[in-house]
Amino acid sequence: MTESKNLKNSHTSACILCSINCGIEINVVDGALKNIKGDSENPKSNGYLCQKAGRLDYYQNHKGRLLHPMQKKEDGSFEDITWDKAIGDIARKLKHIKKTYGSHAIAFYGGGGQGNHLNQAYSSSFRAALGTPYLYTALAQEKTGDFWVNGKLFGKQSCHISEDIEHSDYVLFIGTNPWQSHGFPQARKVLRELAKDPDRTMVVIDPRRTQTAALADIHVPVKPGTDAYLLAALVAIILQEGLEDSTFINRHTVGFEEVKRVFKNIPIKKYVAKAGLSLPLAQKVARGFANAKRASVRVDLGIQQNLHSTLNSYLEKLLFLITGNFGKKGSNNLHTQFVPIVGHSKTPEEGGIVTRVTGMHAISNFYPPNILPKEIDTNHPERIRALVVDSSDPLLTAADTNAYRKAFEKLELLVVIDVAHTETASMAHYVLPAASQFEKWEATFFTLEFPVNHFHLRHPIVDPKGDTLAEPEIYRRLLVAMDMIPNRFPLLEKIAKFHLRYPAAGVFLIALKVALAISPKYAKSLLIILYATVGKALPRGAGSAALLWGASHQYAKRYRKAVLRTGLKGKGFRLGEALFKHILKSKSGIILSKHTYDEVWQLIQHPHQKIHLEIPEMAKMLEQLKENENELVTDEFPFILAAGERRAYNANQIFRDPAWRKKDREGVLKIHPEDAKKIGISNTEQLWCTSAKASVKVYIEIDDAMPRGFVSLPHGYGFEYIDDENTQMRKQNGPKINVLTSASHCDPIAKTPYHKYVPVNLVPLK
Ligand SMILES: Nc1nc2c(c(=O)[nH]1)N[C@H]1C(S)=C(S)[C@@H](COP(=O)(O)OP(=O)(O)OC[C@H]3O[C@@H](n4cnc5c(=O)[nH]c(N)nc54)[C@H](O)[C@@H]3O)O[C@H]1N2
Ligand SMILES: Nc1nc2c(c(=O)[nH]1)N[C@H]1C(S)=C(S)[C@@H](COP(=O)(O)OP(=O)(O)OC[C@H]3O[C@@H](n4cnc5c(=O)[nH]c(N)nc54)[C@H](O)[C@@H]3O)O[C@H]1N2
Ligand code: SF4
Ligand SMILES: [Mo]
């Protein structure tokens, strides 16, 4: 136990600013989060933190926190209302819309950001009870192309790839800047070690000389938007030079001959030139990767929110699959999910549900934000009329802000559940205040590692502000008000209490089964029922942790050996109880499972655990690469804007006070010195950045790490905040980048927007 943990006001929790959720130690002084340090007892982060975590008080305590339920008045202003009125009104309106138009007229947006999945999980019960499958999330504007490819290769879209970078000899980073964005635990430490070791090679494919690229052995400055050409050429070099791992391919894959045939005809030299690179550089990388003992690939938005998004995801996976860098140490692997956030969707042909207006199918159970305005802003009789937004600010973060604004004006009911008065909230009919992530039991289901996976249930460390409630309670009250469930389950509550004292008898599960047999309609609200029964019996108000009881049993049953390897003991269902107890008790997080590398094969969902390398849709897209594409850089829009860079001081839209930023307060546009000279602008001056959609006014920063013709604006700006508490004057912090982006500029399969490839014009403001 560290010294500070002995202090009365010292607590452990986690940083909620990115998917890694590093463990933190915090001193709470009069409700303020002070002296934030890395928690060395957190088994995932081991004390590691980046510079952002120290600023978390700007999330917990800021002027824009929501404290009371609110309703919009006719004049557009908001008034505080009671929870009873808010819940009653919303329930009545939802019931009316469902009855009049059907469940498909109701949709849901969000479901947990970078730190809050535990409470969000209960919203799935709410959706199920309402009968709407329409879940729109931020994940479906970045990762669904990737998930779709996984579905084809490994059998289910829930098969998700991890990368064992720590043990790799050769790492290929494509379209990602982990120095700033992280994406894997202790990123900066791992990167520094990789860079320092003469026997390991680090390659960064990025048009920009990023902080990660500056550390790399090889920086491949690909021309923006041409990764599909480069990656196709890399695969073709490996295959044409016979560098593939035939033993691996024969043993673990099907469809290789077809892939080989397709890549035989790739004009390598031409494609490498198209990517603005030299053939020797591409050959060096392809050969280095193929010949390495342990190689892995890590990708992110630079290729996922870019031209050929889904094809890029296929090609980067072919790189590690044909070279046998899968299912072993230091390679890419699949991983287990404690509470699965990435699911699998049937295709429309298999009976998968499509949207009523645009006919879009789900991928991994998510519908893409790109199509939502079209599903609302239309006269189509089956359009969406009610939307519940939870933990998300689509008005700022989805493509085409103005289309969103117009669509939201058409909604009959917009409900926002958030901790802050967001841009989306300002358009809502009802705004419901959630307790913050330090005021309630929370966790994320970003359990994305292999072979060792972690989980952290965070305890509340400050009292909830104002009238705020944790989300499960909000959803429970809504379901009760809609007559979907009763207010109490007296018998189940009693049995749950008994069960937690004497788990060995296993009585709760039996009682639950009986209750569901008597009232099958409750099955849809199962998680909320767990919350209302097991949750009530849990100590210290840990009600939201109730679903982890079910999750622990399922996980321990499925991955028994891996859970036993962590040191937990228990026969049969007792291992699940032991896991649940361990989670509840450990304030710094736990090791959830320890797998062996060969267990990866059991995670493949195709018959006989074979990887299906051939994907006909991808072969067709590869073929289309050969046709000359229309040039998107034109005289009218001569620059390419990467809209949404991760920097030292941005963290999605989680902070709403610009004072949290130590640098880059205004969110500058980075531009190459020669480009700045050409358009006649100097450092710190302002210009208009204009896309086909709109213009924004931005400050510039001259940066020779940018290639010519390529400019970059940050993610996480453009929000409004209270500048003067006396007058309640609001100001905007930096550019709203998504007024520039377009929903139709997107991937044909997944509908993920090409945010990193926005053609723009730049005109000095003089
Ligand atoms: N500091 C900070 N960290 C974050 C976040 C944050 O807001 N701030 N957000 C989190 C979230 S939600 C996510 S999804 C991740 C995203 O993490 P990343 O994807 O790593 O971050 P980005 O800066 O969006 O884009 C990555 C890189 O793509 C490059 N790029 C642009 N165009 C191209 C191209 O045509 N080809 C290639 N190869 N590269 C290109 C950019 O130059 C940039 O360096 O970050 C997470 N971490
Ligand atoms: N142009 C462009 N657009 C982008 C991107 C880009 O690179 N370029 N990146 C995209 C990516 S990768 C992502 S992930 C999205 C992120 O965009 P969003 O999905 O909008 O997510 P966040 O910005 O993380 O917003 C999280 C919201 O949750 C709220 N919140 C925090 N804690 C709680 C809580 O405990 N309960 C509730 N109910 N709410 C809470 C916060 O106040 C905030 O409003 O943006 C996307 N948009
Ligand atoms: S933002 Fe930094 S400190 Fe916070 S979880 Fe991510 S890597 Fe860790
Ligand atoms: Mo993201």
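What counts, and at which threshold
Residues numbered from 1 in each chain as written. Chains lettered and ligands numbered in written order. Predicted model: local features only at pLDDT ≥ 70, side-chain atom pairs only at ≥ 80, totals over all residues. Heavy atoms only, no water. Axes fitted to C-alpha atoms, helices over the stretch in contact; angles between N-to-C directions. Helix = DSSP H or I, 4+ residues; strand = E, 2+ residues; numbered from the N terminus. Parallel < 35°, antiparallel > 145°, perpendicular 65-115°, else oblique. Left-handed = near helix turned anticlockwise from the far one by under 90°. Contact = heavy atoms within 4.5 Å. Nonpolar A, V, L, I, M, F, W, Y, C, P; charged D, E, K, R; others polar. Core = buried A, V, L, I, M, F, W, Y, C linked by side-chain atoms within 4.5 Å. Buried < 20%, exposed > 50% of the residue type's maximum accessible area, 1.4 Å probe, protein only. Expected span 1.5 Å × (residues − 1). Near = heavy atom within 4 Å. Polar contact = N/O pair within 3.5 Å; in protein donor to acceptor, adjacent residues only side chain to side chain. Areas by Shrake-Rupley, 256 points an atom, 1.4 Å probe, with all protein chains shown as cover. Domains from an automatic or database assignment. Buried area = accessible area lost by both parts, 1.4 Å probe. Pairing = 2+ DSSP bridges. Salt bridge = Lys/Arg side-chain N within 4 Å of Asp/Glu carboxyl O.

Turning next to the packing of helix α10 (residues 227–240) against helix α14 (residues 279–291). For any two helices packed against each other, the geometry is given by the interaxial angle and the distance between the axes. Their axes nearest at 9 Å, the elements α10 and α14 cross at an angle of 60°. When the axes of α10 and α14 are compared, the pair comes out oblique. Considering how the two elements wind past one another, α10 and α14 form a crossing that is right-handed. Together, L234, I237 and I238 of α10 and A282, Q283, V285, A286 and A290 of α14 make up the contact between the two elements. Taken together, the residues of the contact of α10 with α14 sort by class into seven nonpolar, one polar and no charged.

Let us look at the nonpolar core. Membership of the largest hydrophobic core comes to 177 residues, with the highest contact counts inside it found for F263, F326 and L548. Here the element with the most residues in this core is α10; it accounts for 12 residues. By size, the runner-up hydrophobic cluster in this structure holds 27 residues, among which are L66, Y367, L395 and V431.

All right, on to helix α23 (residues 526–537) then. Counted at 1.5 Å a residue, the expected span for α23 with its 12 residues is 16 Å, and the 16 Å between its end C-alpha atoms agrees. Counting buried positions along α23 yields nine of 12 residues, so the element is predominantly enclosed. Here α23 has its buried residues at I528, I529, L530, Y531, A532, T533, V534, G535 and A537. Next to the buried residues of α23 lie α5 (123–130), α20 (471–481), α21 (490–501), α22 (507–518) and α24 (546–558).

Once that is clear, we can look at the site of ligand 2. Near ligand 2 lie 33 residues; those nearest to it are S392, T397, D418, E471 and A643. Separating a nitrogen atom of ligand 2 from a backbone N or O atom of T397 is a distance of 2.7 Å. Here ligand 2 has 920 Å² of accessible area as a free molecule, and 97% of this is covered by the chains. For the shell around ligand 2, the elements supplying multiple residues, two or more each, are β16 (413–418) and β21 (639–645). Along the lines of polarity and charge, the residues of the shell around ligand 2 split into 11 nonpolar, 14 polar and eight charged. Both of domain 2 (83–156 + 343–449 + 452–484) and domain 5 (631–764) provide at least three residues apiece to the shell around ligand 2.

Next up on the list: the domain arrangement of the chain. Accessible area lost when the parts come together is the quantity often used to give the size of an interface. Annotation of the chain at the domain level lists domain 1 (3–60), domain 2 (83–156 + 343–449 + 452–484), domain 3 (161–334), domain 4 (486–594) and domain 5 (631–764). Computed over C-alpha atoms, the centres of domain 3 and domain 5 are 28 Å apart. Each side of the interface is counted separately: domain 3 has 17 residues, and domain 5 has 22 residues. Taken together, both faces of the contact between domain 3 and domain 5 bury some 1,600 Å²; the carbon and sulfur share is 59%. The three residues of domain 3 that bury the most area against domain 5 are R208, Q305 and L307, which together make up 34% of that side's buried surface.

This part covers the sheet that holds strand β1 (residues 10–14). Spatially, β1-β2-β3 is the arrangement adopted by the three strands of the open sheet, whose pairing is antiparallel. Because the sheet does not close on itself, it has two edges, and the strands there are β1 and β3 (32–38). Here the average twist between neighbouring strands, direction ignored, is 35°. As paired strands, strand β2 (residues 23–29) and β3 are joined by five bridges and run antiparallel to one another. Within the sheet, the bridge partner assigned to E25 lies in β3 and is K37.

Per the stated rule, a full pass over the model turns up 35 salt bridges. R65 is the partner of E439 in a salt bridge, and the nearest nitrogen-oxygen pair spans 3.0 Å. Here the residue E439 occupies a position in the loop between β17 (430–433) and β18 (452–455), and R65 occupies one in the loop between α2 (57–60) and β4 (70–72), the gap between them amounting to 374 residues. Each member of the pair, E439 as well as R65, is classed as buried. The partner of R647 in a salt bridge is D664, with the nearest N and O atoms 2.9 Å apart. Here R647, found in the loop between β21 and β22 (669–671), pairs with D664, found in the loop between β21 and β22; they are 17 residues apart in sequence, far enough to count as distant.

Contacts to ligand 1 come from 32 residues, most closely from T176, D206, D227, N650 and K756. Between an oxygen atom of ligand 1 and a main-chain N or O atom of G644, the distance comes to 3.3 Å. Notes on ligand 1: free accessible area 920 Å², of which the protein chains cover 96%. Elements that contribute at least two residues to the shell around ligand 1 include exactly α7 (178–181), α15 (301–304) and β21. By residue number, the principal contributor to the shell around ligand 1 is α15, which donates three residues. Here the residues of the shell around ligand 1 sort into eight nonpolar, 14 polar and 10 charged.

Looking now at the packing of α22 against α23. Orientation of α22 relative to α23, taken along the N-to-C sense of each, is 130°, at an axis distance of 13 Å. Overall, the two elements α22 and α23 adopt an arrangement that is oblique. When the axes of α22 and α23 are compared, the crossing they make is right-handed. Counted together, F508, L512 and L516 of α22 and L526, I529, L530, T533 and V534 of α23 form the full contact between these two elements.

As a further point, take the pairing of β2. Among the seven residues in β2, six count as buried, and that is most of the element. Inspection of the sheet shows β1 paired to β2 by five bridges, in the antiparallel sense. Across the sheet, H11 pairs through a bridge with I26, a residue of β2. Between β2 and β3, which pair antiparallel and follow one another directly, the connecting turn spans two residues, one of which, D30, has a positive phi of 50°.

With that settled, the discussion passes to unusual backbone geometry. Here the bond from F450 into P451 is cis, since omega is 5°, no more than 30 degrees from zero. The topology assignment puts P451 in the loop between β17 and β18. The backbone of R540 shows a phi angle near 50°, a positive value even though the residue is not glycine. With respect to the helices and strands, the residue R540 is situated in the loop between α23 and α24. Despite not being glycine, T684 shows a phi value in the positive range, around 70°. With respect to the element layout, T684 can be found in the loop between α28 (673–679) and β23 (686–690). For T684, a relative accessible area of 59% corresponds to the exposed category.

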